[in-house]
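# Understanding the architecture of this molecule
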Amino acid sequence: MSAGFVFIGGISGVFFGMTLIYLSIKITAVISDRFPERPKETLS
Amino acid sequence: MIGPLSALIKTTGFVHLTPGMIFMWIIGLVLIYLAIKKEYEPLLLLPIGFGILLANLPLSGLMTPEHGLLWKFYEYGIHWEIIPPIIFLGIGAFTDFGPLLANPRLIFLGAGAQAGVYVTFFAAHAMGFNIMEAATIGIIGGADGPTTIFLASKLAPQLLGACAVAAYSYMAMVPIIQPPIMRLMTTQAERKIRMKKGRKISKREKLLFPIVSTFLIILLVPASAPLIAMLMLGNLFREAGVVERLKNAAQNELMNIVTIFLGLPIGATMNAQVFLQPKVLFIFGLGLMAFMVSTAFGILLAKTMNLFSSNKINPLLGAAGVSAVPMAARVVHKVGTEADKQNYLLMYAMGPNVAGVIGTVIAAGIFVTLLTP
């Protein structure tokens, strides 16, 4: 494995991984906004 | 009479002392001094310093393979990859991903700061370190002690002590290393940029994040599984709200116990024969370079992102992309308030700061994937 390949593969891998997490956060946010949590019912 | 006396003297350690051992005592004592007097990462530097003293006491046998007490701590705790993941369980239980979820684009600053890891990796390899050693030295730039130890134990155990001490020393020196770079790379006007408040995060999002990100990261980089799985499990303990005892145990008792068993054997790997080599000086030099390059690239990425967005990011936040949690975020806040006393950046800086932890784990996982057969 050449150092150049590790260098390029590493940096792009980190950014790709972070992009996946970014997208998952955005998708979760959209779903959460569309289906907001209902407040817990309280006994009166 | 003289014969038995001479034999008796030979059984003591005094006659086996070497100048190298005595020099290592000085290094151990300096670390203990820095831990106690200067409070530089005392939880780690104190046991590491004491471990160095022990490793350089002749005939103690503490690091004798199979039998030595500290060898057992090292072998079953670090080499078996048990202690660094348990530390990550505690870090996860401590970490609030809320600031990151509220401003998800800040996650890229945690990625940008990993550039220092790869630039240093490349530089170390060019200087003659083999590719495994170069990766281990590069990961110091992630400013994440447990990840550095995890990677070193897998790729270059002979550098474990030097890399761990370099990582923890520089983490303690973040308030000294980062501010000059931050001031050099930003204008006064940029440092005054005020961040817009992020969206409100629901409990459900905080619960989903550790689960979803565990799946994504492990599917992408399976070699990062031990660290990321424990980090996110700890975070799930924190956010679930129903396992307070487990969360508290991960944050306190467990974390404290494994910290003892982490520092001592790391110090014990640093005997004079292994440590007193010119390449150790290069490791410290390259480690410092890694920290500086990571800081610079984080800031540069923030400035680049500002070119494409009307919602400006304070570029100081890029410096928090190195993991060193929460020290790097505090430094960002401090430098920010120097420019504008009313500009509270700490909460925003925690976003890239925790993203940096994830980024460093991914970087380490990629090294393991690419460099181990």
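Shown above is the structure to which this text applies.
Everything numeric in this text was worked out from a predicted model, so none of it was measured.

### Some details on the nonpolar core
Residues and elements named next belong to chain B.
- Of all hydrophobic cores here, the largest spans 138 residues; its most connected members are Cys 163, Leu 317, Ala 328 and Val 332.
- Tallying contributions element by element places helix α21 (residues 346-371) first for this core, with 14 residues.
- Excluding anything up to four places from it in sequence, Leu 317 contacts Leu 106, Leu 109, Ala 302, Val 332, Leu 345, Tyr 348, Ala 349 and Pro 352.

### Focus on the packing of helix α10 (residues 145-155) of chain B against α21 of chain B
All names here are of chain B.
- The interhelical angle for the contact between α10 and α21, taken along N-to-C directions, is 5 degrees, at an axis separation of 10 Å. One finds that α10 runs roughly parallel with respect to α21. Mapping the contact onto sequence places Thr 147, Phe 150, Leu 151, Lys 154 and Leu 155 in α10 and Thr 360, Val 361, Ala 364, Phe 367, Val 368 and Leu 371 in α21.
- Class assignment for the residues of the contact of α10 with α21 results in eight nonpolar, two polar and one charged.

### Regarding the environment of Leu 316 of chain B
All names here are of chain B.
- Tracing the sequence through the fold places Leu 316 in the loop between α19 (278-307) and α20 (327-339).
- Between the C-alpha atom of Leu 316 and that of Met 182, which follows or precedes it by 134 residues, the distance is 6.4 Å.
- For Leu 316, the contacting residues outside a window of four places in its chain are Met 182, Thr 186, Arg 191, Val 332, Val 335, Gly 336 and Leu 345.

### Notes on the interface of chain B and chain A
- On the side of chain A, 22 residues touch chain B, which itself brings 35 residues to the contact.
- For the side of chain B that touches chain A, the secondary structure elements donating two or more residues are α7 (107-112), α8 (115-126), α9 (131-138), α14 (203-220) and α21 of chain B.
- Per-element accounting of the side of chain B that touches chain A gives the leading share, 10 residues, to α14 of chain B.
- Tallied by class, residues from the side of chain B that touches chain A come to 25 nonpolar, six polar and four charged.

### Focus: helix α2 (residues 19-37) of chain B
Residues and elements named next belong to chain B.
- Relative to the 27 Å expected for 19 residues at 1.5 Å per residue, α2 spans 26 Å between its end C-alpha atoms, a close match to the ideal helical length.
- For α2, the full list of buried residues reads Met 24, Gly 28, Leu 31, Ile 32 and Ala 35. Taken around the axis of α2, the buried residues stretch over an arc of 100 degrees, which confines them to a single face. The exposed set on the far side of α2, more than 90 degrees from its buried face, consists of Pro 19, Ile 22, Ile 26 and Lys 37.
- Summarising the contacts, the buried residues of α2 are in contact with α3 (42-55), α17 (253-268) and α18 (272-275).
- Looking one or two residues beyond α2, the residue adopting positive phi is Glu 39, at roughly 55 degrees.

### Some words on helix α4 (residues 69-79) of chain B
Residues and elements named next belong to chain B.
- If you check which residues of α4 are buried, you get Leu 70, Phe 73, Tyr 74, Gly 77 and Ile 78. The buried residues of α4 all sit within an arc of 100 degrees when viewed along its axis, so they share a single face.
- At its buried positions, α4 is contacted by α3, α5 (83-94), α10 and α17.

Reading guide: rules and limits
- Residues numbered from 1 in each chain as written.
- Chains lettered and ligands numbered in written order.
- Predicted model: local features only at pLDDT ≥ 70, side-chain atom pairs only at ≥ 80, totals over all residues.
- Core = buried A, V, L, I, M, F, W, Y, C linked by C-beta atoms within 7 Å.
- Buried ≥ 20, exposed ≤ 12 C-beta atoms within 10 Å, placed from the backbone.
- Helix = DSSP H or I, 4+ residues; strand = E, 2+ residues; numbered from the N terminus.
- Contact = placed C-beta atoms within 7 Å.
- Axes fitted to C-alpha atoms, helices over the stretch in contact; angles between N-to-C directions.
- Parallel < 35°, antiparallel > 145°, perpendicular 65-115°, else oblique.
- Nonpolar A, V, L, I, M, F, W, Y, C, P; charged D, E, K, R; others polar.
- Expected span 1.5 Å × (residues − 1).
- Arc of directions from axis to C-beta.

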